[in-house]
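Listed below are the residues making up each chain.
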Amino acid sequence: MSEAECRARFLGVTVRSQRTVIERHTGQPLTEAWMQAFYARRNAELAARLQAVPGAREAVHAAHARTGGRIACASGADRQKVQMQLVQTGLAPLFGSAVFSGHEMPASKPAPDVYLAAARHLRVSPGRCLVVEDTVPGITAGVAAGCTVWAYCPPDDPHASPHPLRAAGASRVLAHMGELAVLLQAHRAPPFFLS
């Protein structure tokens, strides 16, 4: 499977939702043991290579300041991965307990459940929430929840294109996460930030 096909199939969705594809390509059943081995390999790679997206720390700090701390991380990934990434990038303290995993919802992205749970936790209408997403399933979920959705699509990523992100419902495309801090300053009404 090419990298482009792999990204198209797996980015933004749960591994388990792709059971048929995985079993066809590996020739093995997707068992709990297979999943645990996959998670171990994935976590080792993340621990060794994960870096924050340039401008992400500044953007999250700006969102935290702009909303008085009413921000949430609403991911389609499993909680272990989400927590690991937040800790490794130094962002965990800014989100506190407002971390949501699609694995713990009735349905994960592209269903809106994780964003609706995050908005409930923040005690705000989804219509007042700003979602920043980088995948079509995530944008679809944010739009379905009734949130305003902005897409992140760096121009130096050869596999990323703003067109599918806009087609999924993103109202703005950010080429650099540093843009987010500037745009949040310009907003009149304080948006509640979900990512």
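These figures come from a predicted structure and were not determined experimentally. (Residues numbered from 1 in each chain as written. Predicted model: local features only at pLDDT ≥ 70, side-chain atom pairs only at ≥ 80, totals over all residues. Heavy atoms only, no water.)

**What to know about the environment of A74**
If you trace the backbone, A74 turns up in strand β1 (residues 71-75). Here the alpha-carbon distance between A74 and A145, two residues 71 residues apart in the chain, equals 12 Å. (Helix = DSSP H or I, 4+ residues; strand = E, 2+ residues; numbered from the N terminus.)

**Let's talk about the pattern of salt bridges**
This structure, assessed with the given rule, holds six salt bridges. Across the pair E104 and R79 runs a salt bridge, and its minimum N-O distance is 2.8 Å. One end of the pair, E104, is in the loop between β2 (99-101) and α7 (113-122); the other, R79, is in helix α5 (residues 79-88), and 25 residues separate them in sequence. Note on E104: relative accessible area 46%, which makes it partly exposed. The exposure class assigned to R79 is partly exposed, which follows from its relative accessible area of 29%. Taking the shortest distance from any N to any O, the salt bridge between K109 and E133 comes out at 2.5 Å. (Salt bridge = Lys/Arg side-chain N within 4 Å of Asp/Glu carboxyl O. Buried < 20%, exposed > 50% of the residue type's maximum accessible area, 1.4 Å probe, protein only.)

**Quick look at the packing of helix α4 (residues 56-67) against helix α10 (residues 178-186)**
The interhelical angle for the contact between α4 and α10, taken along N-to-C directions, is 20°, at an axis separation of 7 Å. Looking at the two axes, α4 sits roughly parallel to α10. Considering how the two elements wind past one another, α4 and α10 form a crossing that is left-handed. Here E58, A59, A62, A63 and R66 of α4 come into contact with α10, specifically with L180, A181, L184 and Q185. (Axes fitted to C-alpha atoms, helices over the stretch in contact; angles between N-to-C directions. Parallel < 35°, antiparallel > 145°, perpendicular 65-115°, else oblique. Left-handed = near helix turned anticlockwise from the far one by under 90°. Contact = heavy atoms within 4.5 Å.)

In short, shape yes, function no, at least from these values alone.
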